[in-house]
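So you can see what is in the structure, the chains are spelled out below.
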Amino acid sequence: MIKSILIFNNHGKPRLIRFYQYFAEDMQQQIIRETFHLVSKRDDNVCNFLEGGSLIGGSDYKLIYRHYATLYFVFCVDSSESELGILDLIQVFVETLDKCFENVCELDLIFHMDKVHYILQEVVMGGMVLETNMNDIVAQVELQNRMEKSEGGLSAAPARAVSAVKNMNLPEMPRNINIGDINIKVPSLSPF
Amino acid sequence: MSPSVPLQEMIRAIRSARTQCEERGVIQRECAAIRAQFRQADNGGRSHNLAKLLYVHMLGYPAHFGQMECVRMIASPRYSEKRVGYLGAMMLLDEKQDASLLITNSIKNDLSHSNQYVQSLALCTLACMGSAEMCRDLAPEIDRLLRASNSYIKKKAALCAVHIVRKVHELGELFAPAARSLLTEKNHGVLHGAVVLIIELCERNPETLERFRKTVPDLVQIMKGLVLSGYSPEHDVAGISDPFLQVRILRLLRILGHNNEGASDAMNDLLAQVATNTDSTKTVGNAVLYETVLTVLDIKSESGLRVLAVNILGRFLLNNDRNIRYIAMTSLQKIVGTDHNAVQRHRGTIVDCLKDQDASVKRRALELSLALVSATNVRSMMKELLIFLSSCPQELKSHAASGIFNAAERYAPSQRWHIDTILHVLTTAGGDVRDETVPNLIQLITNASELHCYTVHKLYRALLLDISTQSLVQVACWCIGEYGDLLLRGECQETEPVQVTEDDVLDALETVLQSHMSSPATRGFALTATMKLSTRITDNVDRIRSVVSIYGSCIDVELQQRAVEYNALFKKYDHMRAAVLERMPVIEKNSPGHTNGESMGEVKENQASKKPTEPKLLPQPANQVCDLLGLLGGSEETLQPSPSTALGLLTNTPSTAGGNLLDLLGDLEPEPLTPAPLVPVYDKDGVALTLSCEKQSDTAMTVTLTASNSTDSDISSFTLQAAVPKSVKLNMNAPSGDSLPARGAAKVTQMVVLNYQNKVNLKMKIRISYSSRGSTFQDTVQIDTFPGL
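Cut-offs used in this document
Residues numbered from 1 in each chain as written. Chains lettered and ligands numbered in written order. Predicted model: local features only at pLDDT ≥ 70, side-chain atom pairs only at ≥ 80, totals over all residues. Heavy atoms only, no water. Contact = heavy atoms within 4.5 Å. Buried area = accessible area lost by both parts, 1.4 Å probe. Salt bridge = Lys/Arg side-chain N within 4 Å of Asp/Glu carboxyl O. Helix = DSSP H or I, 4+ residues; strand = E, 2+ residues; numbered from the N terminus. Nonpolar A, V, L, I, M, F, W, Y, C, P; charged D, E, K, R; others polar. Buried < 20%, exposed > 50% of the residue type's maximum accessible area, 1.4 Å probe, protein only. Arc of directions from axis to C-beta. Pairing = 2+ DSSP bridges. Axes fitted to C-alpha atoms, helices over the stretch in contact; angles between N-to-C directions.

Some thoughts on the interface of chain A and chain B
Where the parts come together, the accessible area they lose is often given as the size of the interface. In this complex, chain A contributes 59 residues to the contact, which on the side of chain B involves 69 residues. Between chain A and chain B lies a buried interface of about 5,900 Å² when both sides are counted; carbon and sulfur atoms form 57% of it. When the buried area of chain A at its contact with chain B is split by residue, Leu84(A), Phe111(A) and Met125(A) rank highest and sum to 12% of it. Across the chain A-chain B interface, the total number found is seven salt bridges. For Glu23(B), the salt bridge identified is with Lys13(A), shortest N-O distance 4.0 Å. Those elements that provide at least two residues to the side of chain A that touches chain B are strand S2 (14-19), helix H1 (25-40), strand S3 (49-50), helix H2 (83-101), helix H3 (106-111), helix H4 (113-123), strand S7 (128-129) and helix H5 (134-151) of chain A. The residue makeup of the side of chain A that touches chain B, split by class, is 25 nonpolar, 19 polar and 15 charged.

Re helix H30 (residues 541-550) of chain B
Residues spaced three or four apart along an α-helix face the same direction, because each turn holds 3.6 residues. Residue and element names in this part refer to chain B. Buried within H30 we find Val541, Ile544, Val547 and Val548. All buried residues of H30 lie within an arc of 120° about the axis, which places them on one face of the element. Away from the buried face of H30 by more than 90 degrees, exposed residues Asp542 and Ile550 are located. At its buried positions, H30 is contacted by helix H28 (502-514), helix H29 (520-536) and helix H31 (557-571).

A few points about the environment of Ala63(B)
Residue and element names in this part refer to chain B. Following the sequence through the fold, Ala63 ends up in the loop between helix H3 (46-58) and helix H4 (67-74). With a relative accessible area of 1%, Ala63 lands in the buried category. C-alpha of Ala63 to C-alpha of Cys31: the two residues are 32 residues apart in sequence and 8.5 Å apart in space.

Some points on the environment of Leu313(B)
All names here are of chain B. Along the chain, Leu313 turns up in helix H17 (residues 303-318). For Leu313 and His346, which are 33 residues apart along the polypeptide, the C-alpha to C-alpha distance reads 9.6 Å. Look past the residues within four positions of Leu313 in its chain and what remains in contact with it is Val293, Leu297, Ala328, Ser331, Leu332 and Ile335.

Observations concerning the pattern of salt bridges
All names here are of chain B. In total, this model carries 39 salt bridges over all chains according to the counting rule given. Among the ionic pairs, Arg72 bridges to Glu69, the shortest N-O distance being 2.6 Å. With Arg72 and Glu69 both in helix H4 and three residues apart, the pair spans about one turn of that helix. Classification of Glu69 by relative accessible area gives buried; the value is 3%. Counted as one network, the salt bridges with shared partners bring together Asp503, Asp507, Glu510 and Arg543.

Considering the sheet that holds strand S8 (residues 748-755) of chain B
All names here are of chain B. An order of S3-S4-S5-S8-S7 is seen for the five strands of this open sheet, with the pairing classed as antiparallel. A single partner strand is all that each edge strand has here, and the edge strands are strand S3 (679-684) and strand S7 (729-732). Shown here is a sheet whose adjacent strand axes are inclined to one another by a mean of 20°, direction ignored. Sheet topology places strand S4 (residues 687-695) next to strand S5 (residues 700-709); nine bridges connect them, and they run antiparallel. For Ser692, the partnering residue across the bridge sits in S5 and is Thr704.

Next comes the structure, spelled out in structure tokens:
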């Protein structure tokens, strides 16, 4: 079981925190600080597994982490998960974020924290791995986002107006109106 | 009231704050606005507000006022609001909060919603924070969803079922049939969820495990499909078809095949195939291989397969990738108990990993190396471990030190080697060893009598170099005190001799005494050592006398007390000094937790055998004061040969000493501590009678008679009658019963009180009468001597 998923940057500021076991708020912040402390000490060419964090409970738990540019992705797991499998899962998760956000960077995670949570919900559910097929995950996320947009609300109104006009079917205007002697040339209206 | 600012703008505002204080200010303003918005009945920006609150929560600020808003949003008909509401519930609520109960109904409704995404939100939330009651309520719904036609919902329902089973174990039965049918699915996501569910069910309940053993052929079929199938782009990860599913199925096969011949046979071929066909150049391939190896080693596989598995692990060990090496050592650790020889073959590589820079790899290598130490390789392994100890990271030091001590104790090839090793550990990591190391080492040294000279020389040299490691300094002081004469003699076969004068030795001890690095216990050791040297050196006794009298006014009470006592030894009891400060006898190896009581027991035997030689004084090095008292008592004993004194002394050794000094010198009466022994007096025809006595005073005694029956038939009307000479008065109490069931199932006891003037005349005649198998029996027995008198 995955006990928690943490993403923080090189200075320890949290970008995404997800706990699958209840901890009080101050405990959560302490765990983040301790994990950052342990992980930031590591060189870049050592292995990606860490033991010995005492706050996240016990000898059964390991920290499996990956460092991408400015972000650390840390999964705290117990012995029922395969360590190499979790490493691959982190890779899948990051690639999914990349697909959803087009060349994801730290700012995307900062400003769209809720969307990252929704994507994560498609990968890991209740501390267990749910889906590992990237295309499936991306497709589902897309569908859900579309559903949210279609409900709209105030923020979506301008978007809806534009799309409504785009879809408007202007009846075919005659080029030349010939009624007896009157000859009216109608200018062609460009679609907008 | 400021208008609601969308999430991005708030984040921008927070980020532009330049100090922590500014940031707190921005967040407080935002939170106030959010709270005001929540109080309003209905507004369009509700989802934004909650999103903002969740961001603030992530940064560590309190967000509990959003809990009720989450409940309201979940109940909203709009998808966007439900989404944020459920996210908020998962982040802010948990089963301990009351608000979580309020969402049960919403979840129930949403589970039967027409829109699959709403259903999935409800499933996700239930799987994250569902309490036991919620799980019980909603389990039938989940079961229904497991049989739904939508694979998206099915896979989520499967994982939700896992959470339910974890919370409420009995519901496992409910999900077993659905889980079984899910195995026929084609969708990998659903298969994965199903396998996870089956693993959870099998781990909880052994009967379910039995039932699922029948699915082994199906699982093997699925695996074969994955391994042998051609390239399938949707599931492919670096050339392997859905490695995550493969790893899960292998884990399930491991659980099903454990300790079961039939299931293991069915998987042997498949495992061999996976092990040979999987490409191990990428991490995914290694993940599958690793899982295969663990499965092979855990089930009852054939030996060829086991050899293959251990070889794969050996290859992993030599891999350049540190992750793989770490994984290999983790799995070798699991099998070092069962396949010890196979792991021994890789000892060289493992020992090399001790020198790796990576702390995680070092930790694994240390554990494995300690497990691999055996009688044959102990010297070389210990050399490597000692090198490791000098450069190992701080968090591993004490674990390494205690591991080395254990290994040295079990496999030490010679005493000198053992002592050398312990000294080496103390010099490199003395600050991190456990407390019982000091007495253990002292005990070891006293046992190795031919090495005393060598040991004291080594310790003296170590003491000169460094006095900061308390455990080392304590042992060194003790040894110098005991064997100072060997040190001063200067010659020693084992090490090169060094000229040590008495002044040098006393200087060293004084440095320890005066240094502020020394702990109070260490200074106690040093003072006692100085005192002991007064009998072993010839010239500088005055110097010792002055040191001792100085410390008679030391602030530390313990030191002061010792110094005062030693002073007394110099002044009033100078004639005893030599005897008191004699060499200590060899210390018996005691099990940890030995108490005063046990030591009394041992001395008792000496007393019983009536040998007035020096009793086994078991000194407690941890409490030097008692030690001294024991020695004083010993000297007392040499003046007045009565072995019972020692017994009396040891019964009076509590930790406070002052008053006891006087007590001991006056106490000569032994205290009988033997429990009353049971003496058999009669044994005939399967009826046995035993007797035990307890002296109440000089003229009264209680005798307890116990009768038992070892025949195959019951005895009834069992009575005892007693007669004593005229000078003795007899009082018989009521017996406990009068029937003795067969084969000693119960006993009958009878108490008799005797009053007498002198012990000489004490005799008793007992008549036994009983009926057994329809006939009566009678017998008499005479008791002339009573035990314990």
